[in-house]
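Chain residues, written in single-letter form:
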Amino acid sequence: MELTAFYDVATSAGMLTEVMVAGNAVMCEFRAPDELLLDGLALSTDYAIRYPASRLPNLAAGETVVIAGDHYQVREVRALADGNERRATLTKI
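Now for a quick tour of the structure. (Residues numbered from 1 in each chain as written. Predicted model: local features only at pLDDT ≥ 70, side-chain atom pairs only at ≥ 80, totals over all residues. Heavy atoms only, no water.)

Let us now look at the overall build of the protein. In terms of regular secondary structure, the protein is built from 1 helix and 8 strands. In sequence order, the secondary structure elements of the protein are arranged as α-β-β-β-β-β-β-β-β. Looking at the protein as a whole, 26% of its 93 residues are labelled buried. By element, 51% of the accessible surface of the protein is carried by carbon and sulfur atoms, the whole surface being about 5800 Å². (Helix = DSSP H or I, 4+ residues; strand = E, 2+ residues; numbered from the N terminus. Buried < 20%, exposed > 50% of the residue type's maximum accessible area, 1.4 Å probe, protein only. Areas by Shrake-Rupley, 256 points an atom, 1.4 Å probe, with all protein chains shown as cover.)

In structure tokens:
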């Protein structure tokens, strides 16, 4: 199955989140996992999105995205596997 088709199926199943980038909506996998720090004394959240590279080919560090009304700044964008999929780490602003 082609990667974009996989994302289309995941969108239909309600598994993806709408991400607004420069006024355009793109469906992405959004993660906000909790991670314990300092031997359990602190909790950190690392935000990230995964998406087909063809749907956000120019997303770069420093840009702002909006997810569920919250604004995030892109820290880093990395290509995954063969480069057809990307992962962007985010900071909530």
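One closed barrel holds the 6 strands; their spatial order is S1-S2-S5-S8-S7-S6, and the pairing between them is antiparallel. Ignoring strand direction, the axes of neighbouring strands in this sheet form an average angle of 45 degrees. Alignment of strand S1 (residues 17-21) against strand S6 (residues 64-67), held across 3 bridges, turns out to be antiparallel. If you follow Met 20 over to S6, its bridge partner there is Val 66. Together, strand S2 (24-31), strand S5 (47-52) and strand S8 (85-92) form the strand contacts of helix H1 (residues 3-12), whose direction differs from that of S5 by roughly 120 degrees. (Pairing = 2+ DSSP bridges. Axes fitted to C-alpha atoms, helices over the stretch in contact; angles between N-to-C directions. Contact = heavy atoms within 4.5 Å.)

A positive phi angle, close to 50 degrees, is found at Ala 22, a residue other than glycine. The exposure class assigned to Ala 22 is exposed, which follows from its relative accessible area of 71%. One non-glycine residue, Ala 81, lies in the positive phi region at around 50 degrees. Checked against the element boundaries, Ala 81 lands in the loop between strand S7 (70-80) and S8. With relative accessibility at 90%, the residue Ala 81 sits in the exposed group.

As a further point, take the nonpolar core. Across soluble globular proteins, nonpolar side chains have a tendency to be buried as a group. In terms of nonpolar packing, the biggest core is built from 15 residues, with Ile 49, Leu 59, Val 65 and Leu 90 touching the most fellow members. Listed by contribution, the elements that provide at least two residues to this core are S1, S2, S5, S6, S7 and S8. Dropping the residues within four chain positions of it, Ile 49 is found in contact with Val 19, Cys 28, Glu 29, Phe 30, Leu 59, Ile 67, Arg 86, Arg 87, Ala 88 and Leu 90. (Core = buried A, V, L, I, M, F, W, Y, C linked by side-chain atoms within 4.5 Å.)

The next point concerns the pairing of S8. Taken together, the 6 bridges between S5 and S8 define a ladder with antiparallel strand orientation. Among the inter-strand pairings, Ala 48 is bridged to a residue of S8, identified as Thr 89. One ladder, built from 8 bridges, connects S7 with S8; its direction is antiparallel. Bridge assignment links Glu 76 to a residue of S8, and that residue is Thr 89. Between S7 and the antiparallel strand that follows it, S8, lie 4 residues; Ala 81 among them carries a positive phi value of about 50 degrees.

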